[in-house]
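Descriptive analysis of the structure
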Amino acid sequence: MNAETFFTTQEQERIQQAVITAEKKTSGEIVPMLVSSSGRYAEVELSGLVIGLILGTLAAFIWHDPWGSVHVYLLWPVLGAVVGFVICSIPAVKRRLISESRIAEAVHLRSLAAFTAHGLHYTKAHTGILILASLLEHRVVVLADKG
């Protein structure tokens, strides 16, 4: 899922109008934000690579031909590592392999960074509001300043 193409132009316009309407009724300064992912989660892909490497090595030992080429013998671990990495890079698989605590931490840190990056802590009456939706994690965070 790509955050840039998730909403159509018409949907983006409706969101913008909803924000303008909400800001007229309150003193809050609202910033909606949609991200594809709140974290890189490289540990998931690395784990897939290592598990694939181990399984490929086991396959090489099982189907080893003592009279065969060394290159073919080394191909199994490399192939296993590539397959493991690719499988763990698929968003649906990756999402299921990330712990809930890791997801909560990544989304929280991303929302704090976005709140600061958009300068919402510098609003006149401290009424900045960030609504962050993270697609990979299926999470929405609403951060509001003290005002």
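Up top is the structure.
Residues numbered from 1 in each chain as written. Predicted model: local features only at pLDDT ≥ 70, side-chain atom pairs only at ≥ 80, totals over all residues. Heavy atoms only, no water.

**A closer look at the environment of Lys-146**
- Within the secondary structure, Lys-146 sits in the segment after β3 (139–144).
- Relative accessible area serves as the criterion here: at 72%, Lys-146 is assigned to the exposed category.
- Between the C-alpha atom of Lys-146 and that of Thr-127, which follows or precedes it by 19 residues, the distance is 6.8 Å. (Helix = DSSP H or I, 4+ residues; strand = E, 2+ residues; numbered from the N terminus. Buried < 20%, exposed > 50% of the residue type's maximum accessible area, 1.4 Å probe, protein only.)

**Quick look at the nonpolar core**
- Met-33, Tyr-41, Ile-98, Leu-130 and Leu-132 are the most contacted members of the largest nonpolar core, which has 18 residues in total.
- Secondary structure elements with two or more residues in this core: β1 (29–35), α6 (100–117), β2 (128–134) and β3.
- A per-element tally of this core places α6 first, with five residues.
- With residues up to four places along the chain from it excluded, the contact list for Leu-130 reads Val-31, Met-33, Ser-111, Ala-114, Phe-115, Leu-120, Val-141, Val-142 and Leu-143. (Core = buried A, V, L, I, M, F, W, Y, C linked by side-chain atoms within 4.5 Å. Contact = heavy atoms within 4.5 Å.)

**Brief notes about unusual backbone geometry**
- Positive phi values are uncommon outside glycine, yet His-126 reaches one of about 55°.
- Within the secondary structure, His-126 sits in the loop between α6 and β2.
- You can call His-126 partly exposed: its relative accessible area is 31%.
- One non-glycine residue, His-138, adopts positive backbone phi at about 55°.
- Tracing the backbone through its elements, the reader meets His-138 in the loop between β2 and β3.

**Some details on the pairing of β3**
- Of the strand pairs in this sheet, β2 and β3 are connected by six bridges, and their pairing is antiparallel. Within β3, the residue paired with Leu-130 across the bridge is Leu-143. (Pairing = 2+ DSSP bridges.)

**Thoughts on the sheet that holds β2**
- Taken in spatial order, the three strands make up an open sheet running β1-β2-β3, and their pairing is mixed. This sheet does not close on itself; its edge strands, each paired only once, are β1 and β3. Across this sheet, the average inter-strand angle for adjacent strands is 15°, counted without regard to direction.
- Here seven bridges tie β1 to β2, and the two strands are oriented parallel to one another. Residue pairing in the sheet places Glu-29 in a bridge with Gly-128 of β2.
- Its contacts with the sheet put α6 on β1, β2 and β3, and the angle it makes with β3 is roughly 40°. (Axes fitted to C-alpha atoms, helices over the stretch in contact; angles between N-to-C directions.)

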